[in-house]
Structures are given as C-alpha cells and as structure tokens.
Amino acid sequence: MRGRNRGSPMPLDTAKLGKFVDQCWGDAIVPTLVDYIKIPNKSPAFDPDWAAHGYMEDAVAMFERYAREQIAALPGATLDIVRLPGRTPLLFFDVPASGGAGSGTVLLYGHLDKQPEMVGWADGYGPWTPRVDGDKLYGRGGADDGYAMFGALAALAALEDQQVPHARCVIVIEACEESGSYDLPHYIDHLSARIGAPSLVVCLDSGCGNYDQLWLTTSLRGIAAGVLTIEVLNEGVHSGDASGVVPSSFRILRQLLSRLEDEATGAIRPASLYTQIPAERIDQAKRAAAALGDALYTKFPFVDATRPMADEGTELVLNRTWRPQLAVIGMDGLPPPANAGNVLLPFTTAKLSLRLPPTLDAEAAGGALKALLEADPPSGARVTFTPQAASAGWNAPALAPWLGSALARASESAFGAPPAYMGEGGSIPFMAMLGERFPAAQFVVTGVLGPHSNAHGPNEFLHLPTGRKITRAIAHVLAEHHARSPAA
C-alpha cells in the first residue's frame, strides 16, 4: 500500500477513523494535555526570564517524550528539537510520504507557549490547574494551542492505521506565538531547505463559530498597537486649586481618542484605515451570520442590558473581521479609586490596540496613527505615541476546487454538517509571513476556540469533542490532498 498511485486513494473507513481518533484522545492525548496545562510556560513577552525558569524546556521535553512514542508508528518519521542562539526552541517533524514522493509537501503548524494567568477564574479552576468538566478541559494552553501537535500526529497515525497514503508532512511547533512569533521567521529561514515548498499549509491555531461544524478561517485582522501618553504637569497638584486652570490629561486623552474613534458608534474615523471588503468575504459573512444567529453575541458575558454594536448579524461579522476597531487595553497614571485623593493628575497613559483590515499595510497604519494622535496637541500638552506592534493581517488565497470539495466531505464526515467560512478578528502574525513565503500554497486554518472557550482570558477550555472531530477532518484532508489530480 505504501506505493499506491496518486489519484486512486484507498477510501477512509470513517467508523474506523472515528474509533481510532477517539481512542488516541482518550488514552493518550487528554492525559498528556492535563500534565501540559500544569506547566506555566508563558510566552517570552510575559516571562522575560523564560530560559532561566525552565518551564518552556519542561513543555518541550513533555512534547518530545509523547511525540517520539507516536512517530515510531510512522515509517521514517523524524523529530528534531531545533535551537537557534537566544531564541525559543522549535520542534520540527519530517514524516515521509506514504504514497510516493510526487505528492508534494504539507506543512502543519502549532505552538506550545502560553498566555499569562489572567484574573477571574472560577472557584476550583485556574490557568495551571487542569480540570475535565464534561466535554471541556479547563486550563491555559490546551486549546490555544497545545492540542495542535497531538491532533496532527493522531491524524497521520489514523491514516497509517488504515494504510491510506498521504504526502510528505512537516510539522512545526514553535514556542513564541503568543509573543508575536518573532522567532519563527528565523527558524523558517534556517529550515527552508528541509521544509521545501509546501502545496498545503494546515494551521490549527484559530477559532470556530460553533462546535457543530468545521470552521475555516478566511482572513485575520492586522494590528497596530502602542502607548499614548499625555503630560500636563511635572507633579500632581490639589484638584481644588488646579481644576479650571490646568487642563485635565484625561480629558485630553478623550479628545485625542475622538480623533480616531466615534465615541457614539465605535466606528473608526480615518478613511485611510479601511479597505474594500471583497465580495466573496461579504457573502461568506452573510452565511456565517445565518449559521450562528444570535450566538454571534450571546457567547460574550454581557452585563445586564448591554447590547452588541449592531443589530444585524452580517454587520457584526464584518465588524470583527474586516473593519478597524479600537480597544483601550491598559491605563496608567490613575490610582485605584480606594487610593485616589483629590489630585489633578500629572499624566495619563493608555495602551491602544487597533485591529486593522486584513489587507491594510500595518506599518503605514501605525505611522498614520502616530501622526493623528500627536498632531496639534490640545492645550499644548506633551503628547507622545510610542508604537509597540505593527503586524500585518492575512487574506486566504482562493480555495482550489479539490480543497473545497475535500473540506465539505471532511466536515460532513466528522461533524455531520457542512463547513462554514469566516474571518477571525484576531491576529496570527505568522500567517502573513507564511502566505508571502509560500504564495502557491493552499491554506487550511481552523481551530477549537469556540463559544465561551475564552482564549487568553479566565476559564479557558478545550472542547474535547471538537478536538477529536478536527483531528478526523484533518485526516480526511491529508488523504484527499494526496489523491488530487495535478489539474485539480
């Protein structure tokens, strides 16, 4: 069977596939993820002393132990722990084609670094305290994105179990994604000869609109972030003496933010921060909105009668995927209310996160943001905007017919429902880099981060049935990738 010709695949026995994958998850994957969640291997941006603390090495060692047992069943497969000086480590798998060398290469991606703890976890739950509650595995990193390596290896093992051929597969598991993947380009360069030119890239680090079907990510927003500081005094002074004479730094902050954002609607004002939304993406947004209904907003923990920013579902989808949006994600210069005396504050600092349309130039947007906020400071205050991040978004290439058909069959087989396509509002910085590096590749970007899974926040969980089903779906796609005709 290892020499079976392309174009005449052995069909997958879906019942056998489901049983195999479920057993992998139950016997090995979930217990290993439970142990992985216990490791506080925060990404370097949140643990500058990560190398000294050793938690990242602990996670790498755990992944390596598990993986070496699994690849023993994949003929010729190898695993290297690649280390570049001063950078986080990377796991690199090379799994030879099982159906002939002419079937191309598939690159599968995941990461093992984690976001920080975050406050607000429910009693009995915590970022480093794994807990299985029904179909959910709670704890930091299981869904974002620790499961990816396990799912990829299980999908390949499932094909080997049925002797269904697949292309050569390389699996890359990085340890810097939550810090913006700044190490990954160096590894891609370092490993370029070993990676080759993939015809398919599979990323398992995205979201899903619900847990009822396979969700494919069609775009990701970019981001321009930075710190805005308004200074009016060299030190704080009594507000009874100064108010009405000294301008409030907080009021000036409000004025400057109003240059960027309409405070009544939340719409971003500068036309230069928008791009034309492709017609195909609008159509997909309509279908996604119809599939999700009010779950588009009911998944969020709104307080009391708080309402979403639009009444119509398609507008909400486009708002979170193709339109710029501002979030003020940090403040400084304001004491906690319990410690706040009657003092007119000398400065106010806000950290701004501006999500950008997928095709907008992030560097140019960051420059425009700085110019907008620093120009003509109100009341002559000292205003500085310090850019901190400018990451490009990503818009998926047109879906090849063979892949569209494969995804439809994979979703029906694994979920019993057709796939859905929708952009994601967040940023996965390496996707734009991979898109530029491999312009001829097709992309499958999916994930398990669905309603209430709360990546980066408290009570993050991995929806275990979805993890199993995505594993099955990826096995289907790998089988059909190998079987497609050159003209597909």
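Residues numbered from 1 in each chain as written. Predicted model: local features only at pLDDT ≥ 70, side-chain atom pairs only at ≥ 80, totals over all residues. Heavy atoms only, no water.

Student: Describe in detail helix α12 (residues 362-374), supporting the description with residues and values.
Tutor: In a regular helix each residue adds 1.5 Å, so 13 residues correspond to 18 Å; α12 covers 18 Å between its end C-alpha atoms and thus fits that length. Among the residues of α12, Ala-362, Ala-365, Gly-366, Leu-369 and Leu-373 are the ones counted as buried. Taken down its axis, α12 places every buried residue within 100 degrees of arc, on the same side. In this structure, the buried residues of α12 make contact with β9 (222-231), α8 (249-260), β13 (347-356) and β14 (382-391). Measuring from the backbone nitrogen of Glu-363 back to the side-chain oxygen at the start of α12 gives 3.0 Å, which picks out Asp-361 as the cap. Phi for Asp-376, located one or two positions after α12, is positive at around 45 degrees. (Helix = DSSP H or I, 4+ residues; strand = E, 2+ residues; numbered from the N terminus. Expected span 1.5 Å × (residues − 1). Buried < 20%, exposed > 50% of the residue type's maximum accessible area, 1.4 Å probe, protein only. Arc of directions from axis to C-beta. Contact = heavy atoms within 4.5 Å. Polar contact = N/O pair within 3.5 Å; in protein donor to acceptor, adjacent residues only side chain to side chain.)

Student: Please set out the sheet that holds strand β11 (residues 325-332) residue by residue, giving values where relevant.
Tutor: Pairing in this open sheet of four strands is antiparallel, and the strands run β11-β13-β9-β14 from one edge to the other. Edge positions in the sheet fall to β11 and β14, since each has one partner strand and no second. Neighbouring strand axes in the sheet, compared pairwise and without regard to direction, differ in orientation by 20 degrees on average. Across seven bridges, the pairing between β11 and β13 is antiparallel. Residue pairing in the sheet places Met-331 in a bridge with Ala-350 of β13. Contacts from α12 reach β9, β13 and β14 within the one sheet, and its direction differs from that of β14 by about 170 degrees. (Pairing = 2+ DSSP bridges. Axes fitted to C-alpha atoms, helices over the stretch in contact; angles between N-to-C directions.)

Student: Mind laying out the packing of helix α4 (residues 142-162) against helix α15 (residues 464-483), listing which residues take part and the relevant values?
Tutor: Where α4 meets α15, the axes come as close as 8 Å, and the angle between the chain directions of the two elements is 55 degrees. Classified by the angle their axes make, α4 and α15 are oblique. In this structure, the crossing between α4 and α15 has a hand that is right-handed. Mapping the contact onto sequence places Gly-151, Ala-154, Ala-155, Leu-156 and Leu-159 in α4 and Thr-471, Ile-474, Ala-475, Leu-478 and Ala-479 in α15. Here the residues of the contact of α4 with α15 are counted per class, giving eight nonpolar, two polar and no charged. (Parallel < 35°, antiparallel > 145°, perpendicular 65-115°, else oblique. Left-handed = near helix turned anticlockwise from the far one by under 90°. Nonpolar A, V, L, I, M, F, W, Y, C, P; charged D, E, K, R; others polar.)

Student: Quick one: what's the story with the pairing of strand β17 (residues 442-445), residue by residue and with numbers?
Tutor: The two faces of β17 match: Gln-442 and Val-444 on one face and Phe-443 and Val-445 on the other face are all buried. Pairing analysis gives four bridges linking strand β7 (residues 200-203) to β17, with the strands arranged parallel. Across the sheet, the residue bridging to Cys-203 is Val-445, located in β17.

Student: So, a nonpolar patch on the surface: which residues are in play, and what are the values?
Tutor: Judged by side-chain polarity, Phe-250, Val-328, Met-331 and Leu-334 come together as a nonpolar surface patch covering roughly 340 Å² of accessible area. Among the structural elements, Phe-250 can be located in helix α8. For Phe-250, a relative accessible area of 37% translates into the label partly exposed. (Patch = residues over 30% accessible without salt bridge, like charges linked within 9 Å, V, L, I, M, F, W, Y side chains within 5 Å. Areas by Shrake-Rupley, 256 points an atom, 1.4 Å probe, with all protein chains shown as cover. Salt bridge = Lys/Arg side-chain N within 4 Å of Asp/Glu carboxyl O.)

Student: Pulling in residues and values, what's your account of the confidence of the model for the chain?
Tutor: Residues at a pLDDT of 70 or more form 97% of the chain, whose mean pLDDT is 94. Contacts for the low-pLDDT stretch residues 1-8, under 50 throughout, to residues beyond four places or in other chains number 22 contacts. (pLDDT = per-residue confidence, 0-100.)

Student: Please provide a residue-by-residue account of the sheet that holds strand β6 (residues 168-174), values included.
Tutor: With mixed pairing, the six strands of this open sheet are ordered in space as β1-β2-β6-β3-β7-β17. Both edges of this open sheet fall to β1 (78-82) and β17, since each of them pairs with a single strand only. Adjacent strand axes in the sheet meet at a mean angle of 15 degrees, parallel and antiparallel pairs treated alike. Contacting β1, β2 (90-95) and β6, helix α3 (residues 55-71) runs over the sheet at an angle of about 165 degrees to β1.

Student: Which residues make up the pattern of salt bridges, and what values do they have?
Tutor: For the structure shown, the criterion picks out 17 salt bridges. When the shortest N-O distance is used, the salt bridge between Lys-42 and Glu-117 registers 3.2 Å. One end of the pair, Lys-42, is in the loop between α1 (14-37) and α2 (50-53); the other, Glu-117, is in the loop between β3 (105-111) and β4 (131-133), with 75 residues separating them in the sequence. Close ionic contact of Arg-281 with Glu-280 constitutes a salt bridge, the shortest N to O distance being 3.8 Å. We classify Glu-280 as partly exposed; its relative accessible area is 44%.

Student: Tell me about the environment of Ala-392, and name the residues and values.
Tutor: Structurally, Ala-392 is set in the loop between β14 and β15 (394-395). Ala-392 sits in the partly exposed class, given a relative accessible area of 38%. With sequence-adjacent residues up to four places away left out, Ala-392 is seen in contact with Gly-222, Ala-362 and Ala-432.

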